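Chain residues, written in single-letter form:
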Amino acid sequence: MSENALTNKGESSSALGSLPGGAAEHAPTTTREPASTLEGLSGVVSDWASDKQAFRVPWGKAMMWIFLLSDTFIFTCFLTSYMNVRISTTVPWPNPSEVFALNIGNQRIPLILIAIMTMVLITSSGTMAMAVNFGYARHRAKTTALMLMTAGFGATFVGMQAFEWTKLITEGVRPWGNPWGAVQFGSSFFMITGFHGLHVSAGVIYLAVVARRVWTGFYDRKGSYETVEITGLYWHFVDLVWVFIFAFFYLW
Amino acid sequence: MAYVAIADRDHVLHDPETFIRKYIWSQDHKVIAIQYSVTAIAIGLVALGMSVLMRLQLGFPHAFSLIAPNNYYQFITMHGMIMVIYLLTALFLGGFGNYLIPLMCGARDMVFPYMNMLSYWVYLLAVLVLVAGFFIPGGPTGAGWTLYPPQSVLPGTPGSSWGIIFMLVSLGIFIVAFTMGGLNYVTTVLQARCRGMTLMRMPLSVWGIFMATVLGLLAFPALLVGAVMMTLDSLLGTSFFLPAVVSMGQPPTHSGGSPLLFQHLFWFFGHPEVYIVALPAFGIVSDLLSTHARRHIFGYRMMVWAILAIGCLSFVVWAHHMYVSGMNPYFGFFFATTTLIIAVPTAIKVYNWVLTLWRGDIHLTVPMLFAIGFIFTFVNGGLTGLFLGNVTVDVPLSATYFVVAHFHMVMGVSPILVVFGAIYHWYPKITGRMLNDTLGRIHFWLTFLGTYAIYLPMHYLGILGVPRRYYAFGGTEFLPESVQSVNAAITISALFVAAVQLVFLFNLIWSLSKGKPAGGNPWRATTLEWQTPDTPPKHGNWGPKLPVVHRWAYDYSVPGAKEDFIPQNQPPDALTPAGREQEPAS
Ligand code: HEM
Ligand SMILES: [Cu+2]
C-alpha cells in the first residue's frame, strides 16, 4: 500500500508538469499557521481544512472511498438484519456445517466448497494488488494479464456460487422455506449471497473493461494508472465483505 | 503538491453546442440544478393538492363524496413520502446543492459531471414510477409514509399488492439517483475547492448541504435494505418482516418474521432524513441572516461544529420514533437521553442566529423575512420535539395530531420557509432578474401567518386526543363537539395557504421576463457565487481564471473597509487584512 501511495504521488506531479502555470501559481495563500505549530485537535482541523483538497488523493479515488463507505452501510444493514431474524426466530436454525457439506468420495466434508470459494476470492485480491503495482510501473502486459486473472478468479467464484445455489435448490431450499427449520434461513442466504454475488459480477465486468483499456494504452495516453488502483479498491472491498459473510453466515 | 493538478484543467469542460446538449442532456451543474428543482416543485404541487383533498375531508366530512376512505390513506402516504423525499430531499440536495456547491466553493463544476447528469435522469425515473402508482390496479399504497409491515403488504390496506411494490421500487431508484449525485457533492466539497477556500472558510450553506449529503449516503442504505427485504416478502413470500398473522380469516402464509426489524431499519434512515432536510436549511438560513443583517455570522466555528455534531448524533436517536412499538422499554431511556443531547447543538445554532441579528443592520428584504420566519417556526417545532422526546410524555401523545403538528412545524413548514427565502435570494443569480418584491411580501405574510393558523390549533387537537391518520371520527365521545369546528377552521386556512402559493408561482414565471434586472450582486453579498464574471454564470462559471479566496465568507460591515461587505476573493490590504476565519474578539 505505502509503495503505491508513493508512486501515486510521482504520477500526479508528473501530470502537473504538463500544465501551464505550474506550481508557483498554486502556492497556498492562506495565512493559516503551518500545521506543525498547532497541536492536538486544532492541528488536525487545520490539516484537514487546507485549501483545495482535504485528502491528497485524486477525485476518482476519493469518490470510490466514499462510495465504499456507503456500501459498507448496506452490507452492515443486511448482515444485522440477518442476525436479527436469526436470533428472534422461534424455530431452530439449520446447521450450516451440515447444510453446506459436500460428499467427496465417501467422505462428507463440511464447508469444503465455501472454503475453496473463499480461497479463490482471497487469491484474486493478491493478483489485484500485483496488477496495481505493475500498473504504476507501467507494465502494460503484466497489468492486463493480472487484471484478467483477477476477473477470472471472480468469475470462478460466481460460478461456484451458482453451483452452490443449484445444489441447495435441488435439496429443497427456497426463499420461503426449507426442509430443516427456520424459513428465514433460505431467505437470508439467497438475499445476502445474491447481493454479494451481484457485486462480484459487477466487479468482473468492471475489471474486464479496465483491463481492456490498460491493454489498448488508454492510461498511458492519459498519463495515469489511477483507475487500476480504484478498481482494486472496489475489488478488495468486495473480498472483505465476503470474509464477513463467511464468518457470520457459514461459521456461526 | 500532488493535488493541484486537476482542478484547473480547463480541457475537461467541453462547451455544449446543441440545444439538447445544453438544456436537456446537460452536464452543467446549474442546468441540472434547475432540472432537479423544477421536477421537485412539480411533484411537490401534487403532494400539496393531496393535502388539500385530505383537509377537505377532515374539515367538512359530509360535504364531499369524492374521497373514499381508501383514497384518504393513499393520499396521506403519497403526500408524506413526496414531501419528505421527492420534494425536500431532492430540492435541497439535487437543486440547491447542485447549484451552490461548485459556485460557492469556486469550482468549475461537480467533479464528475456525467454522473451528475445521470443522477437527475434517474431521479426523474423514480418520480415517474411513483406517479405510475396512481394508475395501477388497486392504486398507490396506503400504508402511511412509514410503510410499516405487516399491514403494508397484507390485504385490506389499499395498494397492498402492487402499490407498495411501486413505492419500494421508486424509493430504490431514488436512492441510486441520490447516491450518484451525493458522491459528487461530497467529493466536490472535499477535493475541488478553489485556492484559499479552506474548509473553515466555506459558507455555512455548503457545510449544511455537505453534511446532509453525508447523512444521506449513510442513512439511505438502511431504507434500501428495508425496501429490498419488504419487496422479497411481498413478491417471493419470504418472512423477514411478517410474523404468522391470520389476515382476513386466511391461514397464515408467513412465519417468524420481525415487524420491529423494519421499524428499526426505517427509522435508522428516517431520523437522519429529518436532518437531511434540516441541515441544508440551517446552513442556508445562516447565510441569509448574515447577508441581510450585514453582520458576520455569530460563532462561525461553533456553527460548523454544531452541524457536525448534529449529523453524528442523528444516527443514535432513531428509536425515539418507536416508544410505543413494543421494543424493550430500557431502549426508551437510552434514546430519550440521546434525543435530549441533540437538542444542545441545535439550541446553540438558534442562539447564534439570534445573536447574528443582534445589533445587525437588519434589512427586512423578502429573503430575510423568510429567514426570520424560519427561526420562529423552528423554535416552535423544536420545543414540541422536547415533549415528544421524553417517553412518558410521548406515550399519550403518540399518534395524535400533536405529532402531526410537531413534524409539520419542524420539518414541513420550517424548511419550506427556507426554500422560499433561498429562492428569493438566489433567483437573481439564476435568472439575472429580481423577483417582484411586493408579491414576495404578500406571499411571505400570508404563508407565514396561514401556516400558524393551520398548525397551532393542531397541537390543541392532539392534546385532546384526536388521533392521526383518521379518515373520519365516530365513537369518539371523549372529544368535544368543538373539535369539528376547529377542523373546519384549519381546513379553510389550509385552502387559503395553498391558494397563496399561486402568487409565488406567478411571481416565478412573471419575473423571468418582467423582473427588474438584477446585476451581478444585488444583495451586496460576500460569497463567491455573487462574484462570477457573468450573471447568470456561464458554463465553467469563472471565465478564464478561477477565483482565489482570501478571507472567510462573513466579512460584513468591517470597520475601515470602503463598503459594508468584502467579497471572499478580494485580496487583503492594510485596512482589511485577510485570513480572518473568526469574528473579531470584541
Ligand atoms: C399546506 C401544507 C400542508 C398541509 C395542509 C398538510 C396536511 C397534511 C395532512 C392533512 C396530513 C394527514 C394527517 C393525518 O390524517 O394523520 C399530513 C400528513 C403528513 N404530512 Fe403534511 N401537509 C402540508 C405540508 C407538508 C410538508 C411541507 C411536509 C414535509 C415534510 C409534510 C409532511 C407530512 C408527513 C410526513 C405526513 C405523515 C404522513 C403519514 O401519516 O404517513 N406535509 N399532512
Ligand atoms: Cu427522529
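These remarks concern the structure in this document. Please read these numbers as outputs of a predicted model, since none were measured by experiment.

Thoughts on the overall build of chain A
The helix and strand tally for chain A stands at 9 helices and 2 strands. Starting at the N terminus and ending at the C terminus, chain A contains elements arranged as α-α-α-α-β-β-α-α-α-α-α. Put simply, chain A has 252 residues, and 50% of those count as buried. Summarising the internal contacts of chain A: among those between residues at least 6 apart in sequence, 73% fall at separations of at least 24. Surface summary for chain A: the accessible area is close to 11,800 Å², and the carbon and sulfur share equals 68%.

Remarks on the packing of helix α3 (residues 59-88) of chain A against helix α7 (residues 184-215) of chain A
Residue and element names in this part refer to chain A. The geometry of α3 relative to α7 is characterised by a closest axis approach of 9 Å and an angle of 165 degrees between their N-to-C directions. When the axis of α3 is compared with that of α7, the two are roughly antiparallel. Judged by the twist between their axes, the crossing of α3 over α7 is left-handed. On α7, the residues touching Met64, Asp71, Ile74, Phe75, Phe78, Leu79, Tyr82 and Val85 of α3 are Gln184, Ser188, Met191, Ile192, Phe195, His196, His199 and Tyr206. Tallied by class, residues from the contact of α3 with α7 come to 11 nonpolar, 4 polar and 1 charged.

Digging into the site of ligand 1
Residues and elements named next belong to chain B. Inspection of the region around ligand 1 gives 23 residues, with Tyr72, His79, Trp145, His408 and Arg469 positioned closest. Between a nitrogen atom of ligand 1 and a side-chain N or O atom of His79, the distance comes to 2.8 Å. Separating an oxygen atom of ligand 1 from a side-chain N or O atom of Tyr401 is a distance of 3.2 Å. Secondary structure elements with two or more residues in the shell around ligand 1: α2 (29-59), α3 (69-105) and α12 (401-431). Take the shell around ligand 1: its biggest share by element is 7 residues, from α3. For the shell around ligand 1, the residue count by class is 14 nonpolar, 6 polar and 3 charged.

Points about the side chain of Gln74 of chain B
All names here are of chain B. One can find Gln74 in helix α3. Look at Gln74 and you get buried, because its relative accessible area is 7%. A polar contact is formed between the side chain of Gln74 and the backbone oxygen of Pro140, at a distance of 2.9 Å. Here Gln74 is in contact with Gly138, Gly139, Pro140, Thr141, Gly142, Pro158 and Gly159, once residues within four sequence places are set aside.

Observations regarding the pairing of strand β1 (residues 101-104) of chain A
All names here are of chain A. As defined by bridge partners, β1 adjoins strand β2 (residues 107-110) across 4 bridges and the pair is classed as antiparallel. Counted as the bridge partner of Ala101 is Pro110 from β2. From the end of β1 to the start of β2, which pair antiparallel, there are 2 residues, and Gly105 there has a positive phi angle of about 60 degrees.

Things to note about the coordination of the copper ion (ligand 2)
All names here are of chain B. Bound to the copper ion (ligand 2) on the protein side are His271 (ND1), His320 (NE2) and His321 (NE2), at distances that span 1.7 to 2.0 Å. Each donor residue of the copper ion (ligand 2) belongs to the same chain, and together they define the spacing H-x48-H-H. Linking His271 in helix α7 (residues 259-292) with His321 in the loop between α8 (300-313) and α9 (329-357), this pair joins segments that are 50 residues apart in sequence.

What about a nonpolar patch on the surface?
All names here are of chain B. A cluster of nonpolar side chains, Leu340, Val379, Leu383, Leu386, Phe387 and Val393, forms an exposed patch at the surface whose accessible area comes to about 450 Å². Take the nonpolar patch: its biggest share by element is 4 residues, from helix α10 (residues 366-389). Classification of Leu383 as partly exposed rests on a relative accessible area of 47%.

Topic: the pattern of salt bridges
Residue and element names in this part refer to chain A. If you walk through the whole model with that rule in mind, you get 9 salt bridges over all chains. Notably, a salt bridge pairs Glu229 with Lys61, separated by 3.0 Å at the nearest N-O pair. Taken together, the positions of Glu229 in helix α9 (residues 226-251) and Lys61 in helix α3 put the pair 168 residues apart, joining distant regions of the chain. For Lys61, a relative accessible area of 8% gives the class buried.

Examining the nonpolar core
Residues and elements named next belong to chain B. Grouped together as the largest cluster of nonpolar side chains are 248 residues, with contacts concentrated most on Tyr86, Phe96 and Tyr123. In terms of residue count, α3 provides more of this core than any other element does, 23 residues in total. When residues no more than four places from it in sequence are discounted, the contact partners of Tyr123 are Tyr36, Thr39, Ala40, Ile43, Tyr86, Ala90, Phe174 and Ala177.

Here we look at the coordination of the iron atom of ligand 1
Residue and element names in this part refer to chain B. Within the protein, the atoms that donate to the iron atom of ligand 1 are His79 (NE2) and His408 (NE2), at distances of 2.0 Å. Around the iron atom of ligand 1, the 6 donor atoms sit at angles spanning 86 to 179 degrees, and that spread fits a shape best called octahedral. Highlighted residues: His79 in helix α3 and His408 in helix α12, separated in sequence by 329 residues. The burial state of His79 is the same as that of His408; both residues are buried.

Observations regarding the packing of aromatic side chains
Counting across every chain of the model gives 70 aromatic pairs over all chains. Taking the centre distance of 4.8 Å and the plane angle of 25 degrees together, the rings of Tyr36 of chain B and Tyr123 of chain B count as stacked. You can see Tyr36 of chain B sitting in helix α2 and its partner Tyr123 of chain B sitting in helix α4 (residues 113-132), a full 87 residues away along the chain. The class for Tyr123 of chain B is buried, based on a relative accessible area of 0%. Between Arg86 of chain A and the ring centre of Trp252 of chain A, over which it is positioned, the NZ or CZ distance is 4.1 Å. One Lys or Arg, Arg213 of chain A, reaches over the ring of Phe218 of chain A and ends 4.3 Å from the middle of that ring.

Observations regarding the state of the cysteines
Throughout the structure, instances matching the rule amount to 0 disulfides over all chains. Cys77 of chain A takes part in no disulfide bond, and the closest cysteine sulfur, belonging to Cys312 of chain B, lies 17 Å away. Cys105 of chain B carries a free sulfur, and the closest cysteine sulfur to it, the one in Cys194 of chain B, is 7.9 Å from it.

Here is what the cut-offs are and how they apply
Residues numbered from 1 in each chain as written. Chains lettered and ligands numbered in written order. Predicted model: local features only at pLDDT ≥ 70, side-chain atom pairs only at ≥ 80, totals over all residues. Heavy atoms only, no water. Helix = DSSP H or I, 4+ residues; strand = E, 2+ residues; numbered from the N terminus. Buried < 20%, exposed > 50% of the residue type's maximum accessible area, 1.4 Å probe, protein only. Contact = heavy atoms within 4.5 Å. Areas by Shrake-Rupley, 256 points an atom, 1.4 Å probe, with all protein chains shown as cover. Axes fitted to C-alpha atoms, helices over the stretch in contact; angles between N-to-C directions. Parallel < 35°, antiparallel > 145°, perpendicular 65-115°, else oblique. Left-handed = near helix turned anticlockwise from the far one by under 90°. Nonpolar A, V, L, I, M, F, W, Y, C, P; charged D, E, K, R; others polar. Near = heavy atom within 4 Å. Polar contact = N/O pair within 3.5 Å; in protein donor to acceptor, adjacent residues only side chain to side chain. Pairing = 2+ DSSP bridges. Donors = N, O, S within 2.8 Å, 3.2 Å for Na, K, Ca; no water. Patch = residues over 30% accessible without salt bridge, like charges linked within 9 Å, V, L, I, M, F, W, Y side chains within 5 Å. Salt bridge = Lys/Arg side-chain N within 4 Å of Asp/Glu carboxyl O. Core = buried A, V, L, I, M, F, W, Y, C linked by side-chain atoms within 4.5 Å. Tetrahedral: all angles 85-135°; square planar, octahedral: opposite > 155°, others 65-115°. Phe/Tyr/Trp six-rings, centres within 6.5 Å; stacked < 30°, edge-to-face > 60°. Lys NZ or Arg CZ within 6 Å of the ring centre and 35° of its normal. Disulfide = S-S within 2.5 Å.

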